Amino acid sequence: MTEQLVIMVLLSFLVVIAFGIILLKDLLVAVILSGIYSLTAAAIFVVMDAVDVAFTEAAVGAGVSTIFLLGALTLTRRQQKQQKHNNYFALLVVTLTGALLIYGTLDLPGYGDGQSIANQHPQLAQHFLQKSEDEIGIPNVVTSVLASYRGYDTLGETVVVFTAAIGVLSLLGLRRRKREEDPELDAKRQCRQQNEEV
Amino acid sequence: MKYLALYNYWIVVIIMMAGFYIMIARHNLVKKIIGLGLFQTGIFYFYVSLGKVDGGTAPIFVESLEAQATVYSNPLPHVLILTAIVVGVATMAMGLALIVRIYEKYDSIEEDEIKAIERQHWQENNGEFGISLTAPPTASS
């Protein structure tokens, strides 16, 4: 019961952070909030018994992605432009989708239900928990599933990361170009200013 | 009591919809990427919540625990989410690199401003669409 209470408090905290990210205009603050968000997420994963996920979320989610976002802000700009009107259509779409999803959750097995199909499947969860120590010999079941039973999945993941690294390098290059040398930029700046005046 | 067990899923839906709203309603491109991250983490909670077993512990075998009948949480969602986190960061890096390139060419990371620049370019160049990102600046102007 205490466990569930801790999770509820942390999850409500996440909702507050998410609304902060929606409302704040300063992008730097939004990036810092998303870092806090990832760290809280890691705490929740620890309470939900997913210690490996918590490690990854703290290192990759709170660390690496915050650094990427800060780097992007350094290369672009920090302030978000004030939007003149609220987007009520977007609000309607989001509310409808959310209502449908909540309707969909009513059929789901409750949180912590050990008897649900996902947790009792004889060839997946139960197989891993009962046989992996004999078949693979690693005490951590998550590691043996990740590196052995689903090894090709992990190989695919590394391919994705490799492709993303190539993509980023080919888009940005290793040396930075000087932006001031571009004559087109002046025209675009003028165009933007004209739009702001209108 | 039945609805208390569904509390996690409802929070997941709220977080996902917050990210979704940022993605479709905010014009700032960096903000959109942050919203995409919110949406993704919502799905991570959903998977890990489904794998949780009441009274269970992390699926790691420890010798002192093996004598007792220990209940373990489902390891499979954890593995899937580990992969998803890393892939999510790779997509985010790619998106941010594209945003930096867009900023270099358009001097803006606001969607509506970029659209206005494109529209003006279109009118000035007799319907030729799009500012070339690869051609040298002198050639395209």
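All figures in this text were calculated on a predicted structure; none of them were measured in a lab.

The rules behind each value
- Residues numbered from 1 in each chain as written.
- Chains lettered and ligands numbered in written order.
- Predicted model: local features only at pLDDT ≥ 70, side-chain atom pairs only at ≥ 80, totals over all residues.
- Heavy atoms only, no water.
- Helix = DSSP H or I, 4+ residues; strand = E, 2+ residues; numbered from the N terminus.
- Buried < 20%, exposed > 50% of the residue type's maximum accessible area, 1.4 Å probe, protein only.
- Contact = heavy atoms within 4.5 Å.
- Areas by Shrake-Rupley, 256 points an atom, 1.4 Å probe, with all protein chains shown as cover.
- Core = buried A, V, L, I, M, F, W, Y, C linked by side-chain atoms within 4.5 Å.
- UniProt positions renumbered as here; feature names shortened; annotations may be inferred.
- 1 Å grid on protein atoms, 1.4 Å probe; cavity = no way out; pocket = protein on both sides within 12 Å on 5 of 7 lines; lining within 4 Å.
- Points joined across faces, edges and corners; volume = space filled by probe spheres on them.
- Nonpolar A, V, L, I, M, F, W, Y, C, P; charged D, E, K, R; others polar.
- Expected span 1.5 Å × (residues − 1).
- Polar contact = N/O pair within 3.5 Å; in protein donor to acceptor, adjacent residues only side chain to side chain.

Now for the overall build of chain B. Each helix and strand in chain B was counted, giving 6 helices and 0 strands. Along chain B, helices (α) and strands (β) appear in the sequence α-α-α-α-α-α when read from the amino end. The buried share among the 141 residues of chain B stands at 53%. Across chain B, the fraction of contacts at a sequence separation of at least 24, relative to all contacts at a separation of at least 6, is 45%. Summing over all exposed atoms, chain B offers an accessible surface of approximately 5,900 Å²; the carbon and sulfur share of this is 64%.

A count of helices and strands for chain A gives 9 helices and 0 strands. In chain A, the succession of α and β elements from N to C terminus is α-α-α-α-α-α-α-α-α. When the 198 residues of chain A are sorted by exposure, 39% land in the buried category. In chain A, the proportion of contacts linking residues at least 24 apart, taken out of those at least 6 apart, comes to 45%. As presented, chain A carries roughly 11,600 Å² of accessible surface, and 67% of it is formed by carbon and sulfur atoms.

Here we come to the nonpolar core. Counting residues in hydrophobic clusters, the biggest one holds 69 residues, and the most contacted among them are Ile21, Phe45 and Leu69 of chain A together with Tyr45 of chain B. In terms of residue count, the dominant contributor to this core is helix H4 (residues 75-106) of chain B (11 residues). The residues contacting phenylalanine 45 of chain A, other than those within four sequence positions of it, are Ala50, Val51, Val53, Ala54 and Glu57 of chain A together with Phe44, Tyr45 and Val48 of chain B.

It is worth spelling out the UniProt feature "transmembrane region" (unreviewed entry) in chain A at this point. Residue and element names in this part refer to chain A. According to UniProt, the "transmembrane region" (unreviewed entry) feature falls on residues 6-24, 29-48, 54-76, 88-106 and 155-174. Here residues 54-76 is 96% helix and 0% strand, with 31 Å between the C-alpha atoms at its ends. Across residues 155-174, the secondary structure splits into 90% helix and 0% strand, with the terminal C-alpha atoms separated by 27 Å.

For the coordinates displayed, the defined rule picks out 1 cavity of 30 Å³ or more. In this model, the largest cavity occupies a volume close to 300 Å³. Lining of the largest cavity is provided by 20 residues; of these, Ser38 and Ser65 of chain A together with Gly37, Gln40 and Met92 of chain B occupy positions nearest its centre. Here the lining of the largest cavity takes 8 residues from helix H2 (residues 29-51) of chain B, the largest share from any one element. Per-class residue counts for the lining of the largest cavity are 10 nonpolar, 9 polar and 1 charged.

Look at H2 of chain B: 34 Å from first C-alpha to last across 23 residues, which is about the 33 Å you get at 1.5 Å a residue. Between the side-chain oxygen of the N-cap and the backbone nitrogen of valine 30 of chain B there are 3.0 Å, and the N-cap of H2 of chain B in question is asparagine 28 of chain B.

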